[in-house]
Amino acid sequence: MATTGMMLADFVSRWDKRVVITNRCNSSCAFAALVALGQGKLWVGPSAQIGVHQVYDNDTGVADRLWTERAAKILKRYGAPKAPLDAMVRTPPGTLVVFHESQLIDMGAAALPMGWWWWLFGESDE
C-alpha cells in the first residue's frame, strides 16, 4: 500500500489538481494529501483528518523506518510540510498521529466552501 501511496503523491506533485478530504485519510492515503497540503491544493471538510505512522512490512508487520525516512524525503521534495513528515517517521505502526481540520487549515489547507457538499454526495431528496 505504501508504494501506491507514493505513486499517488507523485501524481499530485506533477498535476495541478486539488485534493479533497471530507473524512479520514490515514496511512498511505496521507501521502498524496500531504503533498497537496504543502502545495496549497488541499481542501478539507469539517470532519477531515490526516493520520500518519511509519511504514511497515505487510508480511511481517515490522516497522520499516528506513523506507519511511526515504519516503519522507521524497514527500518533502514534492512539497509536503515538515511537521507531519517528522511525525510519520517517529510514530510506530499501530499508532497514529492525527492532524484534524483546524490543524490542517493552520498548515495551509483551505476549508471546503459552504454549498459544496451537494456536488460530493448528490442533491438531497428533502
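Up top you'll find the structure we're talking about.
Residues numbered from 1 in each chain as written. Predicted model: local features only at pLDDT ≥ 70, side-chain atom pairs only at ≥ 80, totals over all residues. Heavy atoms only, no water.

**Student:** Any chance you could break down the overall build of the protein chain for me, citing the residues and the numbers?
**Tutor:** In terms of helices and strands, the protein chain carries six helices and six strands. In the protein chain, the order of α-helices and β-strands from amino to carboxyl end is α-β-β-α-β-β-α-α-β-α-β-α. For the protein chain, the proportion of its 126 residues judged to be buried stands at 38%. Considering only residue pairs separated by 6 or more positions, the protein chain has 68% of its internal contacts joining residues 24 or more positions apart. Looking at the protein chain as shown, the accessible area adds up to about 7600 Å², and 54% of this sits on carbon and sulfur atoms. (Helix = DSSP H or I, 4+ residues; strand = E, 2+ residues; numbered from the N terminus. Buried < 20%, exposed > 50% of the residue type's maximum accessible area, 1.4 Å probe, protein only. Contact = heavy atoms within 4.5 Å. Areas by Shrake-Rupley, 256 points an atom, 1.4 Å probe, with all protein chains shown as cover.)

**Student:** Tell me about the sheet that holds strand 6 (residues 110-111), residues and numbers included.
**Tutor:** Pairing within the open sheet is parallel, and its three strands lie in the order 1-3-6. Because the sheet does not close on itself, it has two edges, and the strands there are strand 1 (19-21) and strand 6. As defined by bridge partners, strand 1 adjoins strand 3 (residues 42-44) across three bridges and the pair is classed as parallel. Each residue of the ladder has a partner; that of Ile21, found in strand 3, is Val44. (Pairing = 2+ DSSP bridges.)

**Student:** Describe the sheet that holds strand 2 (residues 24-26), and please don't skip the residues or the numbers.
**Tutor:** Strand order across the open sheet formed by three strands is 2-4-5, with mixed pairing between neighbours. At either margin of the open sheet sits one strand with a lone partner, and together these are strand 2 and strand 5 (97-100). Each neighbouring strand pair of the sheet contributes to a mean axis angle of 20°, computed without reference to strand direction. Strand direction decides the pairing type here: strand 2 and strand 4 (residues 49-52), joined by three bridges, are parallel. Note on strand 4: the bridge partner recorded for Arg24 is Gln49. Strands strand 4 and strand 5 of the sheet are contacted by helix 4 (residues 82-90), whose axis makes an angle of about 155° with strand 5. (Axes fitted to C-alpha atoms, helices over the stretch in contact; angles between N-to-C directions.)

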